[in-house]
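The primary structure of each chain is shown beneath.
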Amino acid sequence: MTYIISVSRLKNRLENNRDNTVIVDVRFQLTDSEAGRKQYIKDHLPGAVYLDLEKDLSSKAEKHGGKHPLPDMTTFARKVGNIGIDHNTTVVIYDQANEMFAARLWWLLHCLGHEKAYVLDGGYEEWLRQENPVTDQMPVLEPKRFRPILRDEQTANIDEVKEKLENDTAIVIDSRERERYLGNIEPLYHKAGHIPGAKNYFWKDVLNKKGSWKKDEVLREHFSAIPKDKEVIVSCGSGISACPNILALKMAGYDNVKLYPGSFSDWISYEENKIEKKEE
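Cut-off values and rules
- Residues numbered from 1 in each chain as written.
- Predicted model: local features only at pLDDT ≥ 70, side-chain atom pairs only at ≥ 80, totals over all residues.
- Heavy atoms only, no water.
- Pairing = 2+ DSSP bridges.
- Helix = DSSP H or I, 4+ residues; strand = E, 2+ residues; numbered from the N terminus.
- Contact = heavy atoms within 4.5 Å.
- Axes fitted to C-alpha atoms, helices over the stretch in contact; angles between N-to-C directions.
- Buried < 20%, exposed > 50% of the residue type's maximum accessible area, 1.4 Å probe, protein only.
- Right-handed = clockwise from strand over helix to strand, strands pointing away.
- Salt bridge = Lys/Arg side-chain N within 4 Å of Asp/Glu carboxyl O.
- Parallel < 35°, antiparallel > 145°, perpendicular 65-115°, else oblique.
- 1 Å grid on protein atoms, 1.4 Å probe; cavity = no way out; pocket = protein on both sides within 12 Å on 5 of 7 lines; lining within 4 Å.
- Points joined across faces, edges and corners; volume = space filled by probe spheres on them.
- Nonpolar A, V, L, I, M, F, W, Y, C, P; charged D, E, K, R; others polar.

Enquirer: I'd like to hear about the sheet that holds strand β6 (residues 170-174), residue by residue, with values.
Expert: With respect to topology, four strands assemble into an open sheet ordered β7-β6-β8-β9, the strand pairing being parallel. Two strands close off the open sheet at either side, each with one partner strand: β7 (199-200) and β9 (257-259). Two elements, β6 and β7, share two bridges in a ladder whose sense is parallel. The residue bridging I173 from the neighbouring strand is K199, located in β7. Strand contacts of helix α6 (residues 158-166): β6, β8 (231-235) and β9, with the helix running at about 130° to β8, the strand carrying the most contacts. The strands touched by helix α9 (residues 242-251) are β6, β8 and β9; relative to β9, the strand with the most contacts, the crossing angle is about 170°.

This is the structure we're talking about:
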């Protein structure tokens, strides 16, 4: 099953007045938390509403739990309803290009039981490249009642990660780039390296050379070293770039996939936790 929608399919959907579609802009920059909102205010896809990574798709960071903890799901479900989404709504999510923030919202909706969420392939840049219109007009929202169907089994906490690594009952994936995984560089955190036992699958490797999402059969080959009958726990720095890997794993036919929301930033918040810098 694919969770990706092309620009042409979205354009066709809008031109044929297929109602009950909500477009969500989630552009964001980790180095400038206001940049994405400013981009949205300047111009966006017609009808798109903005959700912010830190204000909407995360809760406030504390000592433990990682840099981008999950939002309170009851509050988040209310926000989803307020922007016009219920379980019958088709949701199309876009980023600046194919980045990690759109997949974060896709995953959150998935965890609320929503089955009709799609990431726009190529994002805002591809929409523009195909000479489609943008606007600075704010949409008129029609709130709906969104009743969450929580999928608590989609997440793993730090204790579960430790226990399953120790007992070899799950495969843990680190979605960061290889140099960060090996601890050669670390631009965001006070410690470098990775969770001992984690395998490195850089999230951008789910994209092809042109930057578009790989097809399902290519993704199956990409993840072929991972047994489909084993649980997969996906991590990254703070639970954001893990989400494209989760989406890709599900497209490749993996059913038992979880997010470790706190990821490496949560792991290193406990001084007693060991860190590895060698290839696993």
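Following the structure, the description resumes.
Enquirer: An account of the sheet that holds strand β1 (residues 4-5) is requested, with residue identities and associated values reported.
Expert: Pairing within the open sheet is parallel, and its five strands lie in the order β1-β5-β4-β2-β3. At either margin of the open sheet sits one strand with a lone partner, and together these are β1 and β3 (49-50). Bridge count for strand β2 (residues 21-25) against strand β4 (residues 90-94) is five bridges, and the pairing is parallel. Note that in β4 the partner of V22 across the bridge is V91.

Enquirer: Any chance you could break down the pairing of strand β5 (residues 117-120) for me, citing the residues and the numbers?
Expert: Residues A117 and V119 of β5 are buried on one face, and the alternating residues Y118 and L120, pointing to the opposite face, are buried as well. Bridge count between β1 and β5: two bridges; the pairing is parallel. When the sheet's bridge partners are listed, I4 is paired in β5 with V119. Judged from the three bridges that link them, β4 and β5 form a sheet pairing that is parallel. What sits directly across from V92, in β5, is Y118. For the handedness criterion, the β-α-β arrangement of β4, helix α4 (residues 100-111) and β5 is classed as right-handed.

Enquirer: Residue-level account of the pattern of salt bridges, with values.
Expert: Here the idea is simple: oppositely charged side chains can pair when their charged atoms come close. Per the stated rule, a full pass over the model turns up 17 salt bridges. Residues E279 and R178 are paired through a salt bridge, measuring 2.4 Å at the closest nitrogen-oxygen approach. A residue pair is termed long-range when its members are at least 10 positions apart, and E279 in the segment after α10 (263-267) and R178 in helix α7 (residues 178-181) qualify at 101 residues. As a salt-bridge pair, K191 and E271 come within 3.1 Å of each other at their nearest N and O atoms. Of this pair, K191 sits in the loop between α7 and β7 while E271 sits in the segment after α10, and the two are 80 residues apart along the sequence. Residue classification places E271 among the exposed residues on the basis of a relative accessible area of 58%. The structure contains a network of salt bridges with shared partners spanning E160, K164, E231 and K258.

Enquirer: Tell me about the packing of helix α3 (residues 73-82) against α4, and please be specific about residues and values.
Expert: A packed helix pair is summarised by two numbers, namely the angle formed by the two axes and the spacing between the axes. Between α3 and α4, whose axes approach to 11 Å, the crossing angle comes to 105°. As the angle between them shows, α3 and α4 are arranged roughly perpendicular. When α3 is examined against α4, the residues M73, F76 and V80 are found in contact with a partner set consisting of L105, L108, L109 and C111.

Enquirer: Describe the environment of K250, with residues and values.
Expert: In this structure, K250 sits in helix α9. Given a relative accessible area of 12%, K250 falls into the buried group. For K250 and I149, which are 101 residues apart along the polypeptide, the C-alpha to C-alpha distance reads 19 Å. For K250, the contacting residues outside a window of four places in its chain are Y3, W106, H110, Q154, D255 and V257.

Enquirer: Outline unusual backbone geometry, supporting the account with residue identities and numerical values.
Expert: What you tend to see is this: most non-glycine residues have negative phi, and most peptide bonds are trans. Non-glycine residue D168 carries a positive phi angle of around 55°. By the element assignment, D168 lies in the loop between α6 and β6. Among the residues examined, D168 registers a relative accessible area of 53% and is labelled exposed. Here the phi dihedral of S263 falls at roughly 50°; this positive angle occurs in a residue that is not glycine.

Enquirer: So, empty space enclosed by the protein: which residues are in play, and what are the values?
Expert: What the rule picks out here adds up to one cavity of 30 Å³ or more. In this structure, the largest cavity encloses a volume near 50 Å³. Taken together, Y3, W106, H110, H114, E115, K116 and A117 make up the full set of residues lining the largest cavity. Classifying every residue of the lining of the largest cavity by side-chain character gives three nonpolar, two polar and two charged.

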